[in-house]
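Fold and geometry: a report
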Amino acid sequence: MIRMRHNDETPNEVNDINVTPFIDVVLVLLIIFMVAAPLSTVNIPVNLPGSTEKTTPAPTNPVFLTIKTDQSLALGEDKITKDQLPAALATATKGNKNEPIFLRADKKVDYESLINIMDQLRSAGYLKVALVNLAKEGDTQ
């Protein structure tokens, strides 16, 4: 028979912090936030209103880019394709990337098409893009 011998019968204090419960709580919170984050997005269809604010004066020779209902583009009065857009903008702005581009879109143009054109403007180096809308009649505050 094996006999165990204890030299010191007094219990010792353990000075280490037990982090296992802390890690368990953190992992549970992580899972809760991972599940809850996608549920917090807003999926409500909205009909955005027009603006009743006073319009700012346009520059003397503004560069208007128009997206028509059929997704075709026009720079000023000239019809262009999406592939011709960077070269046509460089010509219209005389290479000045700081000149504002006034983007007009028909109200029936889908949001994705509008964003695609804005991405194309950004990749061409035109970061000053103004969205053009009709001024609504109404009282301003």
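It should be noted that the structure appears before, not after, this text.
Let me sum up the structure you'll find in this document. Just so it is clear, the model here is predicted, and its values are computed rather than measured. (Residues numbered from 1 in each chain as written. Predicted model: local features only at pLDDT ≥ 70, side-chain atom pairs only at ≥ 80, totals over all residues. Heavy atoms only, no water.)

Turning next to the packing of aromatic side chains. Each aromatic ring pair is summarised here by two numbers: the centre-to-centre distance and the angle between the ring planes. What the rule picks out here adds up to one aromatic pair. A ring pair is formed by F64 and F102, whose centres lie 5.5 Å apart and whose planes are at 40 degrees; its orientation type is tilted. Taken together, the residues F64 in strand 1 (residues 63–67) and F102 in strand 4 (residues 101–105) connect sequence positions 38 residues apart. Assessed through its relative accessible area of 30%, F64 is described here as partly exposed. What makes F102 buried here is its relative accessible area of 15%. Across the ring face of F64, the terminal group of R104 is positioned such that the distance to the ring centre comes to 5.9 Å. (Phe/Tyr/Trp six-rings, centres within 6.5 Å; stacked < 30°, edge-to-face > 60°. Helix = DSSP H or I, 4+ residues; strand = E, 2+ residues; numbered from the N terminus. Buried < 20%, exposed > 50% of the residue type's maximum accessible area, 1.4 Å probe, protein only. Lys NZ or Arg CZ within 6 Å of the ring centre and 35° of its normal.)

With that settled, consider the sheet that holds strand 4. The mixed open sheet is built from five strands, whose spatial order is 3-2-1-4-5. Taken across any chain shown, the strands that pair with only one partner, and hence form the sheet edges, are strand 3 (78–80) and strand 5 (129–131). The average undirected angle you get between the axes of adjacent strands in this sheet is 30 degrees. Pairing between strand 1 and strand 4: five bridges, direction parallel. The partner of V63 across the bridge, within strand 4, is I101. Helix-sheet contacts for helix 2 (residues 85–92) involve strand 1, strand 2 (73–75), strand 3 and strand 4, and the interaxial angle to strand 2 is about 20 degrees. Across the sheet, helix 3 (residues 111–123) touches strand 1, strand 2, strand 4 and strand 5, and the angle it forms with strand 4 is around 165 degrees. (Pairing = 2+ DSSP bridges. Axes fitted to C-alpha atoms, helices over the stretch in contact; angles between N-to-C directions. Contact = heavy atoms within 4.5 Å.)

Attention shifts here to a nonpolar patch on the surface. On the surface, a cluster of nonpolar side chains totalling about 830 Å² of accessible area is made up of I17, V19, F22, I23, V26, L27, L30 and M34. Its location among the elements puts I23 in helix 1 (residues 20–36). When its relative accessible area of 43% is taken as the criterion, I23 is described as partly exposed. (Patch = residues over 30% accessible without salt bridge, like charges linked within 9 Å, V, L, I, M, F, W, Y side chains within 5 Å. Areas by Shrake-Rupley, 256 points an atom, 1.4 Å probe, with all protein chains shown as cover. Salt bridge = Lys/Arg side-chain N within 4 Å of Asp/Glu carboxyl O.)

Alignment of strand 4 against strand 5, held across three bridges, turns out to be parallel. Paired with I101 across the strands is V129, a residue of strand 5. A crossover links strand 4 with its parallel partner strand 5, the connecting element being helix 3, and its sense is right-handed. (Right-handed = clockwise from strand over helix to strand, strands pointing away.)

The biggest cluster of nonpolar side chains holds 17 residues, and the ones touching the most others in it are L65, I67, L75, I80, L85, L89 and I101. Counting residues per element, the ones that place at least two in this core are strand 1, strand 2, helix 2, strand 4 and helix 3. Not counting the four nearest positions on each side in its chain, L65 is found in contact with A74, L75, I80, L85, I101, F102, L103, R104, I117 and L121. (Core = buried A, V, L, I, M, F, W, Y, C linked by side-chain atoms within 4.5 Å.)

With that settled, consider the environment of K107. Here K107 is to be found in the loop between strand 4 and helix 3. Between the C-alpha atoms of K107 and I67, which are 40 residues apart in sequence, the distance is 9.7 Å.

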